Amino acid sequence: MSEQRPTLTTRQGHPVRDNQAMRSVGERGPATLENYQFIEKITHFDRERIPERVVHARGTGAHGYFEAYGKIGNEPASKYTRARVLNETGVQTPVFVRFSTVIGGKESPETARDPRGFAVKLKTVDGNWDIVGNNLKVFFIRDAIKFPDMIHAFKPDPVTNQQEPWRFYDFICSHSEALHMVTWVKSPWGIPANYREMEGSGVNTYKLVNDQGIAHLVKFHWQPKQGVRNLTSQQAAEIQAHDTSHATRDLYDAIERGDFPEWEFCVQMMSDGEHPELDFDPLDDTKRWPEDRFPLLPVGRMVLNKNPDNVFAETEQSAFGTGVLVDGIDFSDDKMLQGRTLSYSDTQRYRVGPNYLQLPINAPQEKARARTNQRDGQMTYYVDGGGEEKHINYEPSLLGGLAEAPQPDKDYHQHVEGHLGRYQTRRTADDYRQAGDRYRTFEDWERDDLVNNVGGDLKKCPEVIQLRMVWHLWHCDEDYGRRVAEIAGVDLEKAKALQPLPGKPAPGENREGPMYTSGQSETGGRKEPATTEEVASVK
């Protein structure tokens, strides 16, 4: 493991000294626009495939509407947010939803073991609001700079063109925060029975802002009124043998017969801040907020009642972005959210074109018609309305044109202070606990499916990866690690003898910090480098 390797560089030939974290103001962010290394990496990644989506290529969609209850739980929604769409009752806001798998190509089977995309575009009277998430409430990584690496590891091998288990687990081995998501996706929850009986989640942490400029951290969730149903590997294989589009077919047929699927829109909330009393960072998208402490509060309902008239024009050209928010909804410093916000809109401009928002499926509703000074570009369909003075395509002007909207009386102003650097989160103690908690709460049949899936995968992996994965899983839950080791044929004692990975904290422990990834503390002190190494026999 110590052989000399070529140095990772950017396309400009600059050595990459830290490929694990974006630059941010302090450990918890926010990220900064001059993240050149990240921007170059993610924008190139967005352009790796044409014409289908790099991820979420296999999908289907439907139209419907959203109705707010006017409350969040038992309290007026206005207490927490000034977002009009969540405060007005009796209003049916048009929505378009696209469901998808993540890794497979456009013609891949819908029985694949894979997270499911759950993207909702709400066309509110104040403009579009996109909630772009997955069926599972967590993700594999917590820093967006790792996203291209993650997808490369999960996609087919560039030489064999086959998805290889060793590539997946080789990446996971170095990211203990991914163990939680692995425990979900390798269980039956990794294969939803269909799109109607599937949860949705925004995954990232946002903020609700009220008319007093007070913010609360929030997570968004879609809970299916039809209930939740998943498939074991065997059940999925039986379906795939005769139908690779079962979920698309199920959704289409249900809507055609008038059996309109419905979800309740819920939020979890906590006060804005760092919350040191928690054993996890609420901005960490690899963690769930415990529902016994932060309950799901009903906010509204969504009904899907119309299939697309044309799959390409609507479903395939539909474009979503995590930065598409309405007033009353704001960003948190979640580093995955901030990275996604650049990447999603950037990839839509590349995939569909610079004027993708002029397409009917993506354009806001008439009451929120776009009026911008943006002009030209490929496939300009019309000129955005700029008022009566057509000569003025800039702002400000004394002669006419567009004017800024009025400012709210009170607005939210986050205080930001910190040293600029690349940080690894200190709050790592929970990386193993939440995965172990989830293992223990699974039903017996779900645990059986999980350990068989992981153990079966590890049989195809090199010993160094087998041992490290069993070591990780044993620290999540001893029974979890033991059962996987037995199925994979791994020596459990040999795996348990491994030391923590170099530069990584021991399971159940936090990093010292705040600490730059160079090992230097914010105050200028030095942290001794890790002296642990892999057991020599695993080479």
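Our structure's up above, just so we're on the same page.
Small disclaimer: the values here were computed from a predicted structure and weren't measured.

### Observations concerning empty space enclosed by the protein
Here comes step 1: With the rule as written, the count across this model stands at six cavities of 30 Å³ or more.
Here comes step 2: Forming the boundary of the largest cavity are 20 residues, of which Arg53, Val55, His56, Tyr344 and Gln348 lie nearest the centre.
Here comes step 3: Among the elements that take part in the lining of the largest cavity, helix H9 (residues 335–351) stands out by supplying five residues, more than any other.
Here comes step 4: Among the residues forming the lining of the largest cavity, the class breakdown is nine nonpolar, seven polar and four charged.
Here comes step 5: Lining of the second largest cavity is provided by 20 residues; of these, His56, Asn134, Phe139, Phe147 and Tyr344 occupy positions nearest its centre.
Here comes step 6: Those elements giving two or more residues to the lining of the second largest cavity turn out to be strand S7 (127–134), helix H3 (147–154) and H9.
Here comes step 7: Counting residues per element, the lining of the second largest cavity draws most heavily on H3, at four residues.
Here comes step 8: Partitioning the lining of the second largest cavity into residue classes produces 13 nonpolar, four polar and three charged.

### So, the nonpolar core
Here comes step 1: By size, the foremost hydrophobic cluster in this structure holds 58 residues, and its most contacted members are Phe140, Phe147, Met150, Phe154, Ile172, Leu458 and Met469.
Here comes step 2: Of all the elements, helix H12 (residues 463–476) adds the most residues to this core, at seven residues.
Here comes step 3: The contact partners of Leu458, leaving out residues within four places of it in the chain, are Tyr169, Gln466, Met469, Val470, Val484 and Ala488.
Here comes step 4: Core analysis: the next-biggest nonpolar cluster, separate from the first, contains 38 residues, Ala62, Leu251, Trp263 and Met302 among them.

### Comments concerning unusual backbone geometry
Here comes step 1: Omega for the peptide link from Gly29 to Pro30 comes to 10°, which places this bond in the cis form.
Here comes step 2: Mapped onto the secondary structure, Pro30 falls in the loop between strand S1 (23–25) and helix H1 (36–46).
Here comes step 3: Unlike most non-glycine residues, His56 shows phi in positive territory, near 65°.
Here comes step 4: By the secondary structure assignment, His56 is in the loop between H1 and strand S2 (59–68).
Here comes step 5: The phi torsion at His275 lies on the positive side, around 55°, for a residue other than glycine.
Here comes step 6: Checked against the element boundaries, His275 lands in the loop between strand S11 (262–271) and strand S12 (297–306).

### Observations regarding the packing of helix H11 (residues 444–458) against helix H13 (residues 478–488)
Between two packed helices, the angle of one axis relative to the other and the distance separating the axes together describe the packing.
Here comes step 1: For the pair H11 and H13, interaxial distance at closest approach is 8 Å and the crossing angle is 50°. The pairing of H11 with H13 is recorded here as oblique in orientation. When the axes of H11 and H13 are compared, the crossing they make is right-handed. Contacts between H11 and H13 involve Arg447, Asp448, Leu450, Val451, Asn452, Val454, Gly455, Gly456 and Leu458 on the former and, on the latter, Tyr480, Arg483, Val484, Ile487 and Ala488.
Here comes step 2: Here the contact of H11 with H13 is built from residues that sort into eight nonpolar, three polar and three charged.

### Structural notes on the pairing of strand S9 (residues 206–209)
Here comes step 1: Here S9 shows no split at all, with Tyr206 and Leu208 on one side and Lys207 and Val209 on the other all buried.
Here comes step 2: Where S9 hands over to strand S10 (residues 215–224), the hairpin turn is made up of five residues, of which Gly213 adopts a positive phi near 75°.

### Some remarks on the environment of Thr7
Here comes step 1: Counting through the fold element by element, Thr7 comes out in the segment before S1.
Here comes step 2: The sequence separation of Thr7 and Arg17 amounts to 10 residues, and the corresponding C-alpha distance is 9.0 Å.

Rules of the game
Residues numbered from 1 in each chain as written. Predicted model: local features only at pLDDT ≥ 70, side-chain atom pairs only at ≥ 80, totals over all residues. Heavy atoms only, no water. 1 Å grid on protein atoms, 1.4 Å probe; cavity = no way out; pocket = protein on both sides within 12 Å on 5 of 7 lines; lining within 4 Å. Points joined across faces, edges and corners; volume = space filled by probe spheres on them. Helix = DSSP H or I, 4+ residues; strand = E, 2+ residues; numbered from the N terminus. Nonpolar A, V, L, I, M, F, W, Y, C, P; charged D, E, K, R; others polar. Core = buried A, V, L, I, M, F, W, Y, C linked by side-chain atoms within 4.5 Å. Buried < 20%, exposed > 50% of the residue type's maximum accessible area, 1.4 Å probe, protein only. Contact = heavy atoms within 4.5 Å. Axes fitted to C-alpha atoms, helices over the stretch in contact; angles between N-to-C directions. Parallel < 35°, antiparallel > 145°, perpendicular 65-115°, else oblique. Left-handed = near helix turned anticlockwise from the far one by under 90°. Pairing = 2+ DSSP bridges.

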